Amino acid sequence: MTFEELELTCKNCTACSLHETRTNCVFGTGNPNARLMFVGEAPGEKEDLSGIPFVGAAGKLLDKYLCAVDIPREDVYIANILKCRPPKNRDPLPAEQDACIGYLREQVKLIKPEIIVCLGRIAAMRLIKPDYKITKEHGEFVKKGDFTMTAVFHPAALLRDPRRKEDMFADMKKIKEFLDGNG
């Protein structure tokens, strides 16, 4: 399946009830040959309106971190586990994640990133391990199958609790060092 075919299939998805309330399917954005892929949990309101992940306040903060460690946003790929916005930005339900995870798996197969960075606890619990503790394990690299993975604080969480911003900066520097060392 090509990237275009996968996106079209995703846009026509009716596997869970979230398709009934979405404005747009938020498939993903960025470089389809990226070495670095970020995965969040689900689109928010701004993302649902635009069809592009991480364009709201959290996305702007992510952009600042990317810029601070000299990683151009156009060099990365950004997606979410869910492609449709949960009502009132609630946490994605397990059944919704199950309905959508296949799209993310196919995106990963097509992109073949060297490193996958989970943005926040929910993405880390789904992709790295179910009992992932973001406050203790953020920034630690793990090998899972063919991929190196890590998790960082979700930018939206940093907007609510700025005390973790230094941790995020340190984690982003480690991600940049990993990329520079594996080029």
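All of the points below concern the structure found in this document. (Residues numbered from 1 in each chain as written. Predicted model: local features only at pLDDT ≥ 70, side-chain atom pairs only at ≥ 80, totals over all residues. Heavy atoms only, no water.)

## Focus on the packing of aromatic side chains
Inclusion rule: Each Phe, Tyr or Trp ring, with Trp reduced to its six-membered ring, pairs with another whose centre is within 6.5 Å; inter-plane angles below 30 degrees give stacked pairs, above 60 give edge-to-face pairs, and intermediate values give tilted ones. Secondary structure counts use DSSP, requiring at least four H or I residues in a row for a helix and at least two E residues in a row for a strand, with both numbered from the N terminus. Buried, partly exposed and exposed residues are distinguished by accessible area as a fraction of the type maximum, computed with a 1.4 Å probe on protein chains only: under 20%, between the cut-offs, and over 50%, respectively. Criterion for a charge above a ring: Arg CZ or Lys NZ at most 6 Å from the ring centre, at most 35 degrees from the ring normal.
Summed over all chains, the structure comprises 3 aromatic pairs. Seen in terms of ring centroids, F3 and Y77 are 5.6 Å apart; in terms of plane orientation they differ by 80 degrees. Their pairing is edge-to-face. Separated by 74 residues along the polypeptide, F3 in helix α1 (residues 3-11) and Y77 in strand β3 (residues 77-80) bring together distant segments of the chain. Judged by relative accessible area, Y77 falls into the buried class, the value being 2%. Between F141 and F178, the aromatic rings sit 5.3 Å apart at their centres with planes inclined by 20 degrees, giving stacked as the arrangement. Placement of F141 in the loop between α6 (134-137) and β5 (142-144) and of F178 in helix α8 (residues 165-181) is noted, with a sequence separation of 37 residues between them. Relative accessible area serves as the criterion here: at 32%, F141 is assigned to the partly exposed category. Judged by its relative accessible area of 19%, F178 is buried. Stacked on the ring of F27, the Lys or Arg K83 has its end atom at 5.9 Å from the ring centre.

## Notes on the pattern of salt bridges
To be explicit about the condition: Between Lys or Arg on one side and Asp or Glu on the other, a salt bridge is scored when a side-chain nitrogen of the former is within 4 Å of a carboxyl oxygen of the latter.
Taken as a whole and judged by the stated rule, the model has 11 salt bridges. Taking the shortest distance from any N to any O, the salt bridge between D161 and R163 comes out at 2.8 Å. For K176, the salt bridge goes to D180, with nearest N and O atoms at 3.3 Å. Remark: D180 and K176 occur in helix α8; sequence separation between them is 4 residues, near one turn of the helix.

## Regarding unusual backbone geometry
One non-glycine residue, N89, lies in the positive phi region at around 55 degrees. Relative to the helices and strands, N89 resides in the loop between β3 and α4 (94-111). We classify N89 as partly exposed; its relative accessible area is 42%. One non-glycine residue with positive phi stands out, namely K112, at about 55 degrees. With respect to the element layout, K112 can be found in the loop between α4 and β4 (115-119). For K112, a relative accessible area of 61% translates into the label exposed.

## Quick notes on the pairing of strand β2 (residues 36-40)
Selection criterion: By definition, two strands form a pair when at least two bridges between them are found by DSSP.
Here β2 lies mainly inside the structure; 5 of its 5 residues are buried. Going residue by residue along β2, you find L36, F38 and G40 tucked away on one face and M37 and V39 tucked away on the opposite face as well. Across 4 bridges, β2 lies against β4 in parallel orientation. Directly across from F38, in β4, lies its bridge partner V117. Relative to β3, β2 runs parallel, the two being bridged by 4 bridges. Bridging across to β3, F38 finds its partner in I78.

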